[in-house]
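Okay, here's what each chain looks like letter by letter:
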Amino acid sequence: MCDCGSPSRPDLAALNLPNSMVLSGACSHIAVVNSCGLNLLGFTPGCADPHGGKVEREGDTDIPSGIICERALQVVAEFLEKHTTLAMRRNYISTALTSLVELGLTAVQTNDEKAWDLYEDIAKERGGLPMRVYLTPYYHEIARGTCTAP
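This report concerns the structure included in the present document.

What counts and what doesn't
Residues numbered from 1 in each chain as written. Predicted model: local features only at pLDDT ≥ 70, side-chain atom pairs only at ≥ 80, totals over all residues. Heavy atoms only, no water. Axes fitted to C-alpha atoms, helices over the stretch in contact; angles between N-to-C directions. Helix = DSSP H or I, 4+ residues; strand = E, 2+ residues; numbered from the N terminus. Left-handed = near helix turned anticlockwise from the far one by under 90°. Contact = heavy atoms within 4.5 Å. Nonpolar A, V, L, I, M, F, W, Y, C, P; charged D, E, K, R; others polar. Pairing = 2+ DSSP bridges. Buried < 20%, exposed > 50% of the residue type's maximum accessible area, 1.4 Å probe, protein only. Core = buried A, V, L, I, M, F, W, Y, C linked by side-chain atoms within 4.5 Å.

Looking at the packing of helix 4 (residues 86-102) against helix 5 (residues 116-126)
Contact geometry for helix 4 and helix 5: axes closest at 10 Å, N-to-C directions at 60°. By crossing handedness, the relation of helix 4 to helix 5 is classed as right-handed. On helix 5, the residues that touch Leu 86, Arg 89, Arg 90, Ile 93, Ser 94, Leu 97 and Thr 98 of helix 4 are Leu 118, Tyr 119, Asp 121, Ile 122, Glu 125 and Arg 126. Residues that form the contact of helix 4 with helix 5 fall into these classes: six nonpolar, two polar and five charged.

This is the structure we're talking about:
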């Protein structure tokens, strides 16, 4: 059970955004997904929990609350891997960095897989990153040597 007071699908619905949305906790063990995202991921009423994961339900119903835990987040990662390109991810990250600086943030932390090279490319294109980025590469990226030294 991931009962930690996280926002839920109805909370995200109140934002009235047409896009799918996934907000992941910094721990990478929990996320909240809006209705559009739940449908794209196949987390619909009556769906089974992914092996080793949990799709929380609203009360005693089979309706997903929007909160997903543990290995259910792997479904999100696999979906993104299949439906986004590195160029798209680079653009998303670059745009987000600019927006965050405009909001006054000076640093961010990310656990995004395969992100090291993306941030390195952005830094080369822009002559540096606009803010401090704390990047935690995945262990298998380090083990395979896919992360180049800064």
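Points about the sheet that holds strand 2 (residues 30-33)
Read across the open sheet, the four strands follow the order 1-2-4-3; overall the sheet is antiparallel. The sheet terminates laterally at strand 1 (22-24) and strand 3 (53-57), the two strands that pair on one side only. Direction aside, the axes of adjacent strands within the sheet are offset by 20° on average. Bridging between strand 1 and strand 2 involves three bridges; their strand directions are antiparallel. If you follow Val 22 over to strand 2, its bridge partner there is Val 33.

Section: unusual backbone geometry
Phi at Asn 16 takes a positive value of approximately 55°, unusual for a residue other than glycine. Residue position: Asn 16 is located in the loop between helix 1 (9-13) and strand 1. The backbone of Glu 70 sits at a positive phi, close to 50°, despite the residue not being glycine. Examined against the element boundaries, Glu 70 turns out to sit in strand 4 (residues 64-70). The class for Glu 70 is partly exposed, based on a relative accessible area of 41%.

Overview of the nonpolar core
For soluble globular proteins, the rule of thumb is that nonpolar side chains tend to be buried together. Residues Ala 31, Val 33, Leu 38, Leu 41, Phe 43, Cys 47, Val 55, Ile 68, Ala 72, Leu 73 and Val 76 constitute the largest nonpolar core, which totals 11 residues. For this core, the elements supplying multiple residues, two or more each, are strand 2, helix 2 (35-41) and helix 3 (72-83). Ranked by residues supplied to this core, first place goes to helix 3 with three residues. The residues touching Ile 68, leaving out its near neighbours within four places in the chain, are His 29, Ile 30, Ala 31, Val 33, Phe 43, Lys 54, Val 55, Leu 73 and Val 76. Ranked by size, the runner-up nonpolar core spans eight residues in total, among them Ile 93, Leu 97, Val 108 and Leu 118.

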